[in-house]
Amino acid sequence: MKNDQTPKLVLDSAVKPAAVRGRPWVYANQLQMNAEARRIVPGSVVRLAEPNGRLLGLYHFNPHSLIAARLLTRNTDRTIDAGYFEERLARALRLRDRLFEAPYYRLCHAEGTACPGW
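Residues numbered from 1 in each chain as written. Predicted model: local features only at pLDDT ≥ 70, side-chain atom pairs only at ≥ 80, totals over all residues. Heavy atoms only, no water.

Asker: Teacher, can you tell me more about the nonpolar core here?
Answerer: The nonpolar side chains of a soluble globular protein tend to be buried, and buried together. Ranked by size, the top nonpolar core spans 18 residues in total, and within it L9, L11, V26, L31, L48, Y59 and F61 carry the most contacts. At the level of secondary structure, the elements contributing two or more residues to this core comprise strand 3 (44-49), strand 4 (55-61) and strand 5 (67-73). Not counting the four nearest positions on each side in its chain, V26 is found in contact with L11, V20, L31, L48, Y59, L66, I67, A68 and A69. (Core = buried A, V, L, I, M, F, W, Y, C linked by side-chain atoms within 4.5 Å. Buried < 20%, exposed > 50% of the residue type's maximum accessible area, 1.4 Å probe, protein only. Helix = DSSP H or I, 4+ residues; strand = E, 2+ residues; numbered from the N terminus. Contact = heavy atoms within 4.5 Å.)

Quick look at the structure:
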């Protein structure tokens, strides 16, 4: 799916965009959770925008969770596909290989390895 066809969520107008720019997640009460947003299938990739339309990034979305959106990338042109996940896993593995002698570790650790929700 091209990113311009990816569902778009919008921050609630009461939320200051700076409050979410530095965080890798967005709470459900910070979003305009209209009927359209509630119909998005949990686990879908969405574009998150400020009320003025400025895109903040691509997120995994779950309309049934308190943490409703988890940042995948701020690059809104990035395609989220198998290659994206392979890159993230390879980066996490390189980091672990540098830090540990034996492979007894958790490969992905949510935001700590830029793999939120994994």
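Next comes the rest of the write-up.
Asker: Any chance you could explain the pairing of strand 3 here in plain terms?
Answerer: Across a regular strand the side chains alternate sides, sitting on one face of the sheet and then on the other. Pairing between strand 1 (residues 8-10) and strand 3: three bridges, direction parallel. Note that in strand 3 the partner of V10 across the bridge is A49. One ladder, built from six bridges, connects strand 3 with strand 4; its direction is antiparallel. Looking at strand 4, one finds that V46 is bridged to Y59. Between strand 3 and the antiparallel strand that follows it, strand 4, lie five residues; G53 among them carries a positive phi value of about 100 degrees. (Pairing = 2+ DSSP bridges.)

Asker: Where do I start with the environment of V26 in this structure?
Answerer: Tracing the backbone shows V26 in strand 2 (residues 25-27). You can call V26 buried: its relative accessible area is 0%.

Asker: I would appreciate a short explanation of the environment of V10 in the present structure.
Answerer: As for its placement among the helices and strands, V10 is situated in strand 1. Residues V10 and S65, 55 residues apart in the sequence, show an inter-C-alpha distance of 16 Å. For V10, the contacting residues outside a window of four places in its chain are L31, Q32, L48, A49, E50 and P51.

Asker: Looking at this structure, how should I read the pairing of strand 4?
Answerer: Burial runs high along strand 4: five of the seven residues are buried. Note that strand 4 and strand 5 share four bridges and pair antiparallel. Paired with L58 across the strands is T73, a residue of strand 5. Counted along the chain from strand 4 to the antiparallel partner strand 5, the turn is five residues long.

Asker: Is there a simple way to explain the packing of aromatic side chains in this structure?
Answerer: Given two aromatic rings, their pairing is described by the distance between the two centres and the angle made by the two planes. In total, this model carries one aromatic pair according to the counting rule given. On the numbers, 5.0 Å between centres and 85 degrees between planes, the contact of Y84 with F85 is edge-to-face. Since its relative accessible area comes to 2%, Y84 is described here as buried. By relative accessible area, F85 is classed as partly exposed at 24%. (Phe/Tyr/Trp six-rings, centres within 6.5 Å; stacked < 30°, edge-to-face > 60°.)

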